[in-house]
Amino acid sequence: KPNLNGLKIVCLRAPAFDSLRAHSLRTQAALNATRIILAAHQYQHLHDAMPAQLEGLVPELLPIIPLDPYSRQAFVYDPHSGILHSSGHDREGQALIYAIELPSDTPQGEQH
């Protein structure tokens, strides 16, 4: 015989777990993007250019490319703008975008 009180508690608490999961995914996306951004900056320092593809960071700077936790796929990387796109969204529904700031002496879109 099911415990109706227990079922009510689980049903009432489910939105809190959804909120916690969403926060966890946003945090993991930010951490993974930060790992990529730091490796890209190190790559730029070593090679005087940003990587053309994220795979260029492996294995020299990263053992593997951290994944977008929302899609469990690679972040979408635009080497010309230095932008990483996640498939996730923030609390306001805006797409999660992480910028790899290019050095001031390297115009965006320029490849070495």
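One can find the structure itself at the top, above this paragraph.
Since the structure is predicted, the reported quantities are computational estimates derived from the model, not experimental observations.

(A) View of the pairing of strand E5 (residues 95–99). The two faces of E5 differ: Leu-96 and Tyr-98 on one face are buried, but Ala-95, Ile-97 and Ala-99 on the other face are not. Hairpin connection from strand E4 (residues 83–89) to E5: five residues lie between these consecutive antiparallel strands, with Gly-93 at a positive phi of about 85 degrees.

(B) Structural context of unusual backbone geometry. In the segment running from Val-58 into Pro-59, the intervening peptide bond is cis, with an omega of -5 degrees. By the element assignment, Pro-59 lies in the loop between helix H1 (4–47) and strand E1 (67–68). At Asp-48, a position not held by glycine, the phi torsion is positive, near 55 degrees. Here Asp-48 is to be found in the loop between H1 and E1. The phi torsion at Arg-72 lies on the positive side, around 60 degrees, for a residue other than glycine.

(C) View of the nonpolar core. With 18 residues, the main nonpolar core has Ile-36, Leu-54, Leu-57, Leu-84, Tyr-98 and Ile-100 as its most contacted residues. Mapped onto this core, the elements with two or more residues apiece are H1 and E5. It is H1 that contributes the most residues to this core, seven residues altogether. Aside from chain neighbours lying at most four places away, what touches Leu-54 is Ile-36, Ile-65, Phe-75, Tyr-77 and Leu-84.

Calculation criteria
Each chain carries its own residue numbering, running from 1 in the written order of its sequence. The predicted origin of the model limits local features to residues at a pLDDT of at least 70 and limits the giving and counting of side-chain atom pairs to 80 or more, whereas totals for whole chains, interfaces and linings rest on all residues. Each side-chain value is derived from all of the structure's non-hydrogen atoms; neither hydrogens nor water enter the calculation. The classification of residues rests on relative accessible area computed with a 1.4 Å probe and restricted to protein chains. Under 20% of the type maximum is buried, over 50% is exposed, and intermediate values are partly exposed. Note on conventions: DSSP H or I runs of at least 4 residues are helices, E runs of at least 2 residues are strands, and numbering of each starts at the N terminus. Following DSSP output, two strands are said to pair if at least two bridges run between them. To define a nonpolar core, start from buried Ala, Val, Leu, Ile, Met, Phe, Trp, Tyr and Cys residues and group those joined through side-chain atoms within 4.5 Å. For this analysis, residues touch if any pair of their heavy atoms sits within 4.5 Å.

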